[in-house]
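Descriptive analysis of the structure
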Amino acid sequence: MDRLEQIRIKADAIIEQMASSEERKLAYVHLYGTSMFAGILANLRHLDGEICQIMAMLHDLAVYASNPPQKKHAQKGAELAEQLLKKEGSFTAAQIQLITHAIAVHSDKQLKDDSPYAELLKDADVLAHYFYNPQIPIHDREQVRLYYVLEELRKGQK
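Here is what the cut-offs are and how they apply
- Residues numbered from 1 in each chain as written.
- Predicted model: local features only at pLDDT ≥ 70, side-chain atom pairs only at ≥ 80, totals over all residues.
- Heavy atoms only, no water.
- Axes fitted to C-alpha atoms, helices over the stretch in contact; angles between N-to-C directions.
- Helix = DSSP H or I, 4+ residues; strand = E, 2+ residues; numbered from the N terminus.
- Parallel < 35°, antiparallel > 145°, perpendicular 65-115°, else oblique.
- Left-handed = near helix turned anticlockwise from the far one by under 90°.
- Contact = heavy atoms within 4.5 Å.
- Nonpolar A, V, L, I, M, F, W, Y, C, P; charged D, E, K, R; others polar.
- Core = buried A, V, L, I, M, F, W, Y, C linked by side-chain atoms within 4.5 Å.
- Buried < 20%, exposed > 50% of the residue type's maximum accessible area, 1.4 Å probe, protein only.
- 1 Å grid on protein atoms, 1.4 Å probe; cavity = no way out; pocket = protein on both sides within 12 Å on 5 of 7 lines; lining within 4 Å.
- Points joined across faces, edges and corners; volume = space filled by probe spheres on them.

**What to know about the packing of helix α5 (residues 73–88) against helix α6 (residues 93–105)**
The interhelical angle for the contact between α5 and α6, taken along N-to-C directions, is 160°, at an axis separation of 7 Å. With respect to their mutual orientation, α5 and α6 come out roughly antiparallel. α5 and α6 meet at a crossing whose hand is right-handed. Facing α5, whose interface residues are Ala74, Gln75, Gly77, Ala78, Ala81, Glu82, Leu85 and Lys86, α6 presents Ile96, Ile99, Thr100, Ile103 and Ala104. For the contact of α5 with α6, the class distribution of residues is eight nonpolar, three polar and two charged.

Take a look at the structure:
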């Protein structure tokens, strides 16, 4: 079985432990949706699609595993991702660093990061928030990023 499927199995096991079926549904929709958007953006940006989908599957897993305070969820997510990736045993130290850095900074949508992978994760997360239900207003801090990533997708269609 490939690495992405192994990570999905681990994420699913954590989500399945959640008590509320509604919260489990939202967790699946968000993580799998963000992962799919990450794959699309990786293709457009010529980045490693597997790594992008894996980091997206893991980016909010700590929220579903332990419900840390919102301001700390990205850092807790990076810590949980590092544990899972090391335990998996098929990731290099450089890949783990790339993934965990992107997860650690994904919440700050208004700051630009030097890593194209971190920027991709932020964009995929915003797309997942927006396309879950476009009738729900998106957070102010995500609006500019959403505008630019939607423009990128429109240009990619041509």
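**Let's talk about the nonpolar core**
Burial of nonpolar side chains together is a common tendency in soluble globular proteins. Among the nonpolar cores identified, the biggest contains 45 residues, and Leu58 and Leu61 are the most heavily contacted of them. Of the residues forming this core, the biggest block, eight residues, is contributed by helix α7 (residues 116–132). Those residues in contact with leucine 61, other than ones at most four positions away along the chain, are Ala11, Ile14, Ile15, Leu31, Leu80 and Leu84.

**Quick word on the layout of surface pockets**
The space that makes up the largest pocket amounts to roughly 790 Å³. As for the largest pocket, its lining consists of 29 residues, and the residues nearest its centre are His30, Asp60, Tyr64, Asp125 and His129. Within the residue set of the lining of the largest pocket, elements represented by two or more residues are α2 (21–45), α4 (61–66), α7 and α8 (140–157). Sorting elements by how many residues they give to the lining of the largest pocket places α2 first, with seven residues. Residues belonging to the lining of the largest pocket are distributed by class as follows: 13 nonpolar, 10 polar and six charged.

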